[in-house]
Amino acid sequence: MNLPESALLSAGGAPARMKILFLHKQILFPRDTGGKIRVLNLLKHLGRWHDVTYVCNLRPGEEALLPQMEELGLRMVPVSGEAPRRGGAGFLAAAAANLLSPRPYTIDRNYDPRVRHKVAELVAAEDFDLVICDAVQMARHVIGLELPPTVLFQHNVEAQILERHAQVSEGLLHRRYLFDQFRKMKSFEGGCGRHFDHVIAVSRQDERIFRERYGWDNVDAIDTAVDTDFFQPRPGQENPDRVMFLGSMDWMPNQDGVRFFADQVWPKVLDRHPSAVFHIVGRNPPASVQELARRQGIEVLGSVPDVRPHLAEAAVVTVPLLVGGGTRLKIYEAMAMAKPVVSTTIGAEGLPVEHGVHFLQTDAPQAMADAIVDLLQDSALRQRIGGAADDFVRENYGSESVSRQFESICRRVVARASSPGSVPVSPFPSSISPL
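All figures in this text were calculated on a predicted structure; none of them were measured in a lab.

### Overview of the nonpolar core
With 57 residues, the main nonpolar core has W266, I280, L311, Y332, M335 and I372 as its most contacted residues. Take this core: its biggest share by element is eight residues, from helix α9 (residues 252-272). Among all residues touching I372, those that are not within four sequence positions of it are V243, F261, V265, V269, V316, T318 and V342. Judged by nonpolar contacts, the second largest core, of 37 residues, contains L21, V119, L152 and A221.

As structure tokens, then:
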């Protein structure tokens, strides 16, 4: 639809529905990763406001979850297939083979030529107003295709995460491998931003990094959204001895964070509060995390069907991340349930929250332990910080208002691309083949 921005209205003056192709690596249920939840918070609204075709890989056994996706108002176009499972023999073999690739492993691992073919087939047959590619990991599926205006929705500065991992990694070979992955990702990610008409970041900090590190001038940021209808306080269910971590345990920053917490913080908590119990909640905990359950007061729950009962029981939620990027949805979800959060600086990076008002921020192990124990032993302090956090999130970061931010950027992209004198996006750097 080639219309100027002023024409993106129906005859009655209401905003016109856009026809959007949304490319993602998987379906959004179960809602067990921050990336899934972030997109789900958007599409539960965009699926009502616009005609959204959702293209993704479909893993074996996920067919039963397709009706939940369709209930969002999406037209589903799944492509059967999946990447090698993390940690398995196929995963490790492919990671080793990636040493010969110019692209980082996560890019090659998530590429499926059948998905690219399906995208090409759809855009050739139908008049889409916009193609949205969710994250740089899926960019190879659209690079080089004849497309309508394009948006890259980038949840993290991926090169920054790899760089931080390399800096704190133990073992010479592992550190060298991660630095090699960082180098490849910096090149690939920087090129992707110039390939898309626009980039949407998830924090002002990420937007600044994209502009300064990669020279992008086609990037905006939206706020971090939380489903405040789904996450509600549950007074009376709290266990005053319970400390909790929530996050996908197949993500390396979460693994590193809980091991740091178990090694350096938790013993200090037990010294002052021996009855404390630490729950680790999140899908696919590896053996290195599962073995933490052997320690005093630590329970590894792994995947759970619904995180809300576990958040409701927690007296304190901790986010002890040493590496990360983007923003942590887990913090806003805990806050929406009126839970006090204790986080490292990196854990709360990119969120406009105030230490001592909405959460407690500390990086030193002893200071983190003291903050947690102070909260466990002072119900009034827990209620003050948790209540302020809940009010802050509900007043500013509901999913519908953030979805409107996203929608507004998309409308501007469509309008700009169709205006007289518009300049096509730069071609992808020839030094990196998309295929």
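Picking up where we left off.
### Let's talk about the sheet that holds strand β13 (residues 360-361)
Across the sheet, six strands lie side by side as β10-β9-β8-β11-β12-β13; this open sheet has parallel pairing. The open sheet is flanked by β10 (298-302) and β13, the only strands paired with a single partner. Sheet topology places strand β8 (residues 242-246) next to strand β9 (residues 277-281); five bridges connect them, and they run parallel. Opposite M244, over in β9, you have H279 as the bridge partner.

### Considering the side chain of H198
Here H198 lies in strand β6 (residues 198-201). Of the residues examined, H198 reaches a relative accessible area of 5% and is grouped as buried. Side-chain polar atoms of H198 contact the backbone oxygen of N218, separated by 3.3 Å. Within polar-contact distance, the side chain of H198 engages the side chain of R416 at 3.2 Å. When near neighbours in sequence (up to four residues on either side) are disregarded, H198 contacts T150, V151, L152, N218, V219, D220, I409, V413 and R416.

### A short note on the sheet that holds strand β2 (residues 51-58)
Strand order in the open sheet formed by seven strands is β3-β2-β1-β4-β5-β6-β7, with parallel pairing between adjacent strands. A single partner strand is all that each edge strand has here, and the edge strands are β3 (74-80) and β7 (219-221). Across this sheet, the average inter-strand angle for adjacent strands is 20°, counted without regard to direction. Sheet analysis places strand β1 (residues 19-23) next to β2, joined by five bridges and oriented parallel. Bridge assignment links I20 to a residue of β2, and that residue is V52.

### As for the packing of aromatic side chains
For the structure shown, the criterion picks out 12 aromatic pairs. Each ring, one from F91 and one from Y105, has its centre 5.3 Å from the other, and the planes form 70°; the classification is edge-to-face. Remark: Y105 occurs in helix α4 (residues 105-109) and F91 occurs in helix α3 (residues 89-97); sequence separation between them is 14 residues. Under the relative-accessibility criterion, F91 is labelled buried at 15%. Taking relative accessible area as the criterion, Y105 reaches 8% and is therefore assigned buried. Each ring, one from W266 and one from F278, has its centre 5.5 Å from the other, and the planes form 35°; the classification is tilted. Of the two residues, W266 is situated in helix α9 and F278 in strand β9; the sequence distance between them amounts to 12 residues.

### Things to note about the environment of M69
Among the structural elements, M69 can be located in helix α2 (residues 66-70). Relative accessible area serves as the criterion here: at 0%, M69 is assigned to the buried category. In sequence terms M69 and I27 are 42 residues apart; their C-alpha atoms lie 7.3 Å from each other. For M69, the residues in contact, after removing those within four places along its chain, are I27, L28, F29, Y54, L74 and M76.

### Looking at the packing of helix α6 (residues 158-168) against helix α7 (residues 172-195)
Two quantities define a packed helix pair, namely the angle between the helix axes and the distance between the axes. Between α6 and α7, the shortest axis-to-axis distance is 8 Å and the interhelical angle comes to 165°. Looking at the two axes, α6 sits roughly antiparallel to α7. When you trace α6 past α7, the crossing you get is left-handed. Each of E158, A159, L162, E163, H165, A166 and Q167 in α6 lies in contact with α7, whose residues at this interface are R175, L178, F179, Q181, F182, M185, K186 and E189.

### Remarks on the environment of V119
Among the structural elements, V119 can be located in helix α5 (residues 113-125). Linking V119 and C56, residues 63 residues apart in sequence, is a C-alpha distance of 9.8 Å. If we skip the residues at most four places from it in the chain, V119 touches L23, V55, H141, V142, L145 and L147.

### Details of unusual backbone geometry
The omega torsion of the bond from F29 to P30 falls at -5°, within 30 degrees of zero and hence cis. Its location among the elements puts P30 in the loop between β1 and α1 (34-49). The phi dihedral of N284 falls on the positive side, at around 55°, and the residue is not glycine. Of note in the backbone geometry, A338 takes a positive phi value of approximately 60° without being a glycine. With respect to the element layout, A338 can be found in the loop between α12 (329-336) and β12 (341-343). The exposure class assigned to A338 is partly exposed, which follows from its relative accessible area of 25%.

### Points about the pairing of β9
In terms of burial, β9 is a largely internal element, four of the five residues being buried. Taking the sense of rotation as the criterion, the β-α-β connection linking β8, α9 and β9 turns out right-handed. Judged from the four bridges that link them, β9 and β10 form a sheet pairing that is parallel. For V281, the partnering residue across the bridge sits in β10 and is G302.

Reading guide: rules and limits
Residues numbered from 1 in each chain as written. Predicted model: local features only at pLDDT ≥ 70, side-chain atom pairs only at ≥ 80, totals over all residues. Heavy atoms only, no water. Core = buried A, V, L, I, M, F, W, Y, C linked by side-chain atoms within 4.5 Å. Buried < 20%, exposed > 50% of the residue type's maximum accessible area, 1.4 Å probe, protein only. Helix = DSSP H or I, 4+ residues; strand = E, 2+ residues; numbered from the N terminus. Contact = heavy atoms within 4.5 Å. Pairing = 2+ DSSP bridges. Polar contact = N/O pair within 3.5 Å; in protein donor to acceptor, adjacent residues only side chain to side chain. Axes fitted to C-alpha atoms, helices over the stretch in contact; angles between N-to-C directions. Phe/Tyr/Trp six-rings, centres within 6.5 Å; stacked < 30°, edge-to-face > 60°. Parallel < 35°, antiparallel > 145°, perpendicular 65-115°, else oblique. Left-handed = near helix turned anticlockwise from the far one by under 90°. Right-handed = clockwise from strand over helix to strand, strands pointing away.

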